[in-house]
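A closer look at the structure
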Amino acid sequence: AIANPSYGRDAAQKALAQPMHRDKTTIGALEWVSLDGRTLDFWTLTDDGRAVRMTMLALVDVASNMVLDYELTVSENAVDTARLIRRSCQTRTTS
């Protein structure tokens, strides 16, 4: 049987998902920060010899769409996410 692209999980997600439109004119710099992880489209060898697709974690200022900091990691996990947030906050803290 040939799969029908108008049915199934992907079609349901597309039909039910509502795009989020934000009015960024009222948001100040660093007022809203977005954290996202994306699996990259290349393979690399880890220190222990495994071939993996790396994940990029990124902190983005929503008002300006500026990437504040990022981390390349083997997977999305709490340790790497916390390190990214700490590092980003430390580099932007004023004395």
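This text follows the structure it describes.
Rules behind the numbers
- The written sequence of each chain sets the order in which its residues are numbered from 1.
- Two thresholds apply to this predicted model, a pLDDT of at least 70 for residue-level local features and 80 or more for giving and counting side-chain atom pairs, whereas whole-chain, interface and lining totals are computed over all residues.
- As a rule here, side-chain values cover all heavy atoms of the structure and leave hydrogens and water aside.
- Only runs of H or I of at least four residues qualify as helices and only runs of E of at least two qualify as strands under DSSP, and these elements are numbered from the N terminus.
- Exposure categories follow from relative accessible area, calculated using a 1.4 Å probe and restricted to protein chains: below 20% of the type maximum is buried, above 50% is exposed, and the middle band is partly exposed.
- We call two residues contacting when some pair of their heavy atoms lies within 4.5 Å.

What follows deals with the overall build of the protein chain. Regarding its fold elements, the protein chain presents 2 helices and 3 strands. Reading the secondary structure of the protein chain in the N-to-C direction produces α-β-β-β-α. Residue burial in the protein chain is summarised as follows: out of 95 residues, 22% are buried. By sequence separation, contacts in the protein chain at least 24 residues apart represent 35% of the contacts at least 6 residues apart.

All right, on to the side chain of Ser 88 then. The topology assignment puts Ser 88 in helix 2 (residues 78-91). Relative accessible area serves as the criterion here: at 4%, Ser 88 is assigned to the buried category. What Ser 88 contacts, discounting residues up to four positions off in sequence, is Leu 59, Leu 68 and Asp 69.

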